[in-house]
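# Summary of structural features
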Amino acid sequence: MYLLRATDISHSFDYELFSNLSLSLKTKEKIAITGVSGSGKSTFLHILATLLKPTKGDVNILSKDIASLNMKQLNSMRSKEIGIIFQAHYLFKGFSALENVKVVSILSGTDLDEQLFKKLNISHVMNNKISNLSGGQQQRVSIARVLTKKPAIIFADEPTGNLDAKTANELMDIFDDYIIKNNAGFIIVTHDDSIANKCDKIFHLENKELNRVK
Ligand SMILES: Nc1ncnc2c1ncn2[C@@H]1O[C@H](COP(=O)(O)OP(=O)(O)OP(=O)(O)O)[C@@H](O)[C@H]1O
Ligand SMILES: [Mg+2]
């Protein structure tokens, strides 16, 4: 079953960034998108994650055409089915790590998962304020927050950027475990070839085109 199908996606800001990109994501599948800085990876990911309307083309998520949804339906899809890990993470700085995750569990009616905090190696800092955590710890709290929501599709923009190789690999195992257990899918933008290679498929964005390289 397809979780996501994007067809002939084009986008322009003041110039054409890319044109006719197509990509499909199946249940339990992990896809990596690579490309040089400025090639449009984040822009494409934002389009796939419904945050940005493409200049041309269609995005279909869980058999729904995104362009045909009204604001209420779109917000419902974003809050229940879509989990996004941004290049810059947006945690509430004045709150503790635990409070940041609790907000999501309350909003989406899911349980807190102590095992997940343990796996992410953040159990011991859950009561600390975000501003007192390291960059890598903050990144892992933002990942705990996204997984707590139990989304069908996880979109991640360089989630391993602040992490050492060992922690980054462990993190990929956590995503792997999550998508298998929850019949979910995963799309990651990364500069790191070893991380990309842990995915089922790799696409390279270059010269406005998306080419499959694995
Ligand atoms: N809102 C915007 N308005 C105008 N131009 C934009 C906007 N967002 C991105 N751009 C431009 O589009 C191009 C692609 O940006 P994007 O962030 O998608 O690149 P990227 O491949 O993710 O790069 P990086 O690897 O550095 O994160 C850049 O030249 C950027 O300046
Ligand atoms: Mg980017």
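Since we're looking at a predicted model, the values are computed, not measured.

### Describing the sheet that holds strand β4 (residues 56-61)
The strand order β2-β1-β4-β5 describes an open sheet built from four strands, whose pairing is antiparallel. Since the sheet does not close on itself, it has two edges, and those belong to β2 (16-26) and β5 (64-65), each with one partner. Where strand β1 (residues 2-12) lies against β4, five bridges are found, and the strand directions are antiparallel. Along β4, the bridge assignment pairs Ser 10 with Lys 56. Here helix α1 (residues 41-48) sits on the sheet and contacts β1, β2 and β4; the angle it forms with β1, its principal contact strand, is near 130 degrees.

### A look at the environment of Ile 82
As for its position among the elements, Ile 82 is in strand β6 (residues 82-85). Setting aside residues up to four positions removed in sequence, Ile 82 forms contacts with Ala 49, Thr 50, Met 77, Pro 151, Ile 153 and Phe 155.

### As for the pairing of β1
Pairing of β1 with β2 involves seven bridges; the strand directions are antiparallel. Its bridge partner lying in β2, Arg 5 is registered against Ser 24. What sits between the antiparallel neighbours β1 and β2 is a turn of three residues.

### Quick look at unusual backbone geometry
Here the phi dihedral of Ser 63 falls at roughly 65 degrees; this positive angle occurs in a residue that is not glycine. For Ser 63, a count of 9 C-beta atoms within 10 Å puts it in the exposed group. Backbone geometry at Asn 207 places phi at a positive 50 degrees, although glycine is not the residue there. For Asn 207, the location among the structural elements is in the loop between β9 (201-206) and β10 (209-212). The class of Asn 207 is exposed, set by 9 C-beta atoms lying within 10 Å.

### Focus on the site of ligand 1
Around ligand 1, the neighbouring residues are Phe 13, Leu 17, Gly 35, Ser 37, Gly 38, Ser 39, Gly 40, Lys 41, Ser 42 and Thr 43. A total of three residues in the shell around ligand 1 trace back to one element, the largest contributor, which is α1. Within the shell around ligand 1, the residues separate by chemical class into two nonpolar, seven polar and one charged.

Conventions and cut-offs
Residues numbered from 1 in each chain as written. Chains lettered and ligands numbered in written order. Predicted model: local features only at pLDDT ≥ 70, side-chain atom pairs only at ≥ 80, totals over all residues. Pairing = 2+ DSSP bridges. Helix = DSSP H or I, 4+ residues; strand = E, 2+ residues; numbered from the N terminus. Contact = placed C-beta atoms within 7 Å. Axes fitted to C-alpha atoms, helices over the stretch in contact; angles between N-to-C directions. Buried ≥ 20, exposed ≤ 12 C-beta atoms within 10 Å, placed from the backbone. Near = placed C-beta within 6 Å. Nonpolar A, V, L, I, M, F, W, Y, C, P; charged D, E, K, R; others polar.

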